[in-house]
Amino acid sequence: MSAVFEQIFQVGFLAAIIRIATPLAFATLGEMFSERAGVLNLGIEGIMLLCAMTGFTATSLSGSLWLGVLAAVLTGMLMGALHALFTVALGLSQHVCGIGVTLFSSGLAYFLYRLIFGQQSVPPSIKGFQTLPIPVLSDIPVLGPAVFNQFALVYIAIIAIPLAAFVLYRTPWGLSVRMVGENPRAADSAGVSVIATRFQAVILGGALMGLAGAFLSMAQFNAFTFGVVSGRGWVAIALVVFGRWDPWRSAGAALLFAFVDALQLRMQASGLGHIPYEAFLMLPFIFTIVAMAVMSRNAVAPSALLKPFRREER
Amino acid sequence: MFRLEVRTSTPAWFNLALPLLAIAATLVLCSGLIALAGAGVLESYGVMFAASLGDSYAITETLVRAAPMIFTGLAVAVAFRAKFWNIGAEGQLLAGAVASCFVGAIPMPGPLAMLLMAVAGAAAGAAVALVPATLRVKFKVDDVVSSLLLNSVIYYALMALIEGPWKDSFSGYPISPPIEDSANFPVLIEGTRLHLGVIVALIAAPLIWFLIARTTLGFRIRVTGENPEAARYGGIHVERVLLSTALLSGALAGLAGVGEVGGVHFQVMSDISPGYGYSGIVVAMLARLNPLGVVPAAIFLAAVMTGAEAMSRATGVPAFLSDVIQGTALLAMLVALLFTAYRIRRVGAAR
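As the structure is a computational prediction, the values presented were derived from the model and not from experiment.

All names here are of chain B. On the surface, a cluster of nonpolar side chains totalling about 570 Å² of accessible area is made up of Leu188, Ile189, Leu196, Ile199, Val200, Ile203 and Leu207. Considering the arrangement of structural elements, one finds Leu207 in helix H7 (residues 196-214). Accessibility expressed as a relative area gives 56% for Leu207, which makes it exposed.

Put into structure tokens, the structure is as follows:
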């Protein structure tokens, strides 16, 4: 066991945690904005997959990584708008629509990928994001190489966390989002358009989910495979609950999950006894369920979450 | 401008026409993708239809695929009726498959083996479904999230089994040992794969309909789903109803796994379910949570799945079109459902 503990404090391990946390942080922040406005987005798993596909494809065809990121973000916004159309404009069940969006977008992702690239024995890959050391900061011992010698998208994620907190708590728009998520009727009387604000929040959430998808296919794996998202979207939904719908806590939850995930990867690699590696793969999911049970006692969801708003109805 | 207006009553023909409308809209929407793939739309749908319902063999193949979706569709319909948001039918199916494979590998008389397989599979599915229900009742954990996450847990547990103790030591493939030949479900029509489990699925639908529509438990499930406050006021123990619903729902999803092991694969592998648990949600919604409607809805999706493969071979349109059709059908049905409660009224500018 002591060998495991030694590894925890290695640079490589810290860097791995940050890399695992990055797509989760994007996805969790995206889901959080949506839920803060009162809309649960279960489409996240499929949206991330579709964005991973469009980002990869755009880069593969154009040769530009940032064009790929742009494509992924636009795809995310489009799918967010689709989910908002069903749940906000039409007021349909958020649970079922989200599953519908996930089924639709994952089907579409595989369909279009196969259409564009055909069936190949070796899946096509791209030269993805390379690490970008930040001068001076990356020379700090341990922390420097782990945090400041990363992909550009990691830095964007690190900036996105305080930015999300600022937007949510310090801007008029953030106030509107929180109002329509807590008390849409009061927001409506105060002159805030519930429908428009919810649309904007879900679309912003989709953009962040797009960044999450782009990170997976363009920085982490540099290819689009069937397992590229593999439940990370569902985990993000749990992390929002675990992070109590707050940007800082949500990002913290993503880091904690990434720690557990990186730990299970290390334990797998160190070949602990003869425990099958799938037992370790289960670990983060079990951890999340247990953590939710512990946290849910005092977790307070936005009051209007899951409740559609129609002005003319009482 | 248009706006939605609450309907005072819904015409009866409307309820029947809605799923058909949704399906028609889906096929029209997805024809764009077929055209994008450079194939003829009518030709492609024609191949799909011929390969899934065109002759008697195709029909039996479609029914074999429909059976697990009838079970998962019933599982979801029952759960959603009580507003127990069971998104975990996939994991419950896998648990049922594993448990029935354990039992089926034990040598014993065939009928006894099949019965015990069903019992074990149903019990395993029910046990899995009990977890999110208990977490919701005891700890107020959102059942959507916990049942979803459990799917991954069960999947990895299955993988651990077939990569570990169950691994085929001869071939090295991650596949469980096969069940006993005597435990294989009997084939009903020689030369097809139509097995006993398909009939059980077809019988289960009216039984579950009876349970929901005509029994006390069914009444409690419906009232709990429609208005938990009123249910509580009326002396219904809402928590207990949720737990019973979870047991019933999980058992049904578990039976979907039993049928796949006993009637189709005779062993467990990693891709034993191509997402039948999630398809169950589509089936249940197309059926408007009515157990009787689950049968045609499952047959429709099964036909799409069987047909898509043939279409892909014949026209080169990727078979993933069937996944897109599923997702689109679910969304189209949801929009269609809107019109049972509302109608569109034109609000003239000259009002």
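Residue and element names in this part refer to chain A. By the element assignment, Ala37 lies in the loop between helix H2 (11-36) and helix H3 (44-62). The class for Ala37 is buried, based on a relative accessible area of 0%. Put simply, Ala37 and Ala27 are 10 residues apart on the chain and 16 Å apart in space, counted from C-alpha to C-alpha. When near neighbours in sequence (up to four residues on either side) are disregarded, Ala37 contacts Val177, Val180, Gly181, Arg198 and Ala201.

Turning to the interface of chain A and chain B, a few remarks are in order. On the chain B side, the residues contacting the 40 residues of chain A number 44 residues. Both sides of the chain A and chain B interface together cover about 3900 Å² of buried area, and 83% of this is carbon and sulfur. Connecting chain A to chain B are 0 salt bridges. For the interface between chain A and chain B, the tally reads 0 residue pairs in polar contact (both at pLDDT 80 or more). For the side of chain A that touches chain B, the secondary structure elements donating two or more residues are helix H5 (94-117), helix H11 (232-242) and helix H13 (277-295) of chain A. A total of 15 residues in the side of chain A that touches chain B trace back to one element, the largest contributor, which is H5 of chain A. In terms of residue class, the side of chain A that touches chain B is built from 29 nonpolar, 5 polar and 6 charged.

This part takes up the state of the cysteines. All chains considered together, the criterion is met by 0 disulfides over all chains. Not part of a disulfide, Cys97 of chain A finds its nearest cysteine sulfur in Cys30 of chain B, a span of 17 Å. Classification of Cys97 of chain A as buried rests on a relative accessible area of 0%.

Before going further, it helps to examine the confidence of the model for chain B. The share of residues in chain B with pLDDT of 70 or more is 95%, and the mean pLDDT across the chain is 92. The ipTM for the predicted assembly is 0.91, set against a pTM of 0.92.

So, on to unusual backbone geometry. Not every positive phi belongs to a glycine, and Leu306 of chain A is a case in point at roughly 75 degrees. Among the structural elements, Leu306 of chain A can be located in the segment after H13. Of note, Arg288 of chain B is a non-glycine position whose phi angle comes to about 55 degrees, a positive value. Secondary-structure assignment places Arg288 of chain B in the loop between helix H11 (276-286) and helix H12 (291-315).

To continue, consider the nonpolar core. Membership of the largest hydrophobic core comes to 221 residues, with the highest contact counts inside it found for Phe224 of chain A together with Phe80 and Val268 of chain B. With 14 residues, the single largest contributor to this core is helix H3 (residues 56-81) of chain B. Contact partners of Phe224 of chain A, with chain neighbours within four places excluded, come to Leu49, Ala52, Met53, Phe56, Ala109, Tyr110 and Tyr113 of chain A. Ile20, Ala258, Ala262 and Phe280 of chain A belong to the second largest nonpolar core, which has 9 residues in total.

Right, let's get into the UniProt feature "transmembrane region" (unreviewed entry) in chain B. Residue and element names in this part refer to chain B. The feature "transmembrane region" (unreviewed entry), as annotated in UniProt, sits at residues 12-42, 62-80, 87-106, 112-132, 144-162, 194-212, 276-304 and 324-342 in this numbering. Between the first and last C-alpha atoms of residues 112-132 the distance is 32 Å; the span itself is 100% helix and 0% strand. Spanning residues 144-162, this segment combines 100% helix with 0% strand, and its end C-alpha atoms are found 28 Å apart.

What counts, and where the lines are drawn
- Residues numbered from 1 in each chain as written.
- Chains lettered and ligands numbered in written order.
- Predicted model: local features only at pLDDT ≥ 70, side-chain atom pairs only at ≥ 80, totals over all residues.
- Heavy atoms only, no water.
- Patch = residues over 30% accessible without salt bridge, like charges linked within 9 Å, V, L, I, M, F, W, Y side chains within 5 Å.
- Areas by Shrake-Rupley, 256 points an atom, 1.4 Å probe, with all protein chains shown as cover.
- Salt bridge = Lys/Arg side-chain N within 4 Å of Asp/Glu carboxyl O.
- Helix = DSSP H or I, 4+ residues; strand = E, 2+ residues; numbered from the N terminus.
- Buried < 20%, exposed > 50% of the residue type's maximum accessible area, 1.4 Å probe, protein only.
- Contact = heavy atoms within 4.5 Å.
- Buried area = accessible area lost by both parts, 1.4 Å probe.
- Polar contact = N/O pair within 3.5 Å; in protein donor to acceptor, adjacent residues only side chain to side chain.
- Nonpolar A, V, L, I, M, F, W, Y, C, P; charged D, E, K, R; others polar.
- Disulfide = S-S within 2.5 Å.
- pLDDT = per-residue confidence, 0-100.
- Core = buried A, V, L, I, M, F, W, Y, C linked by side-chain atoms within 4.5 Å.
- UniProt positions renumbered as here; feature names shortened; annotations may be inferred.

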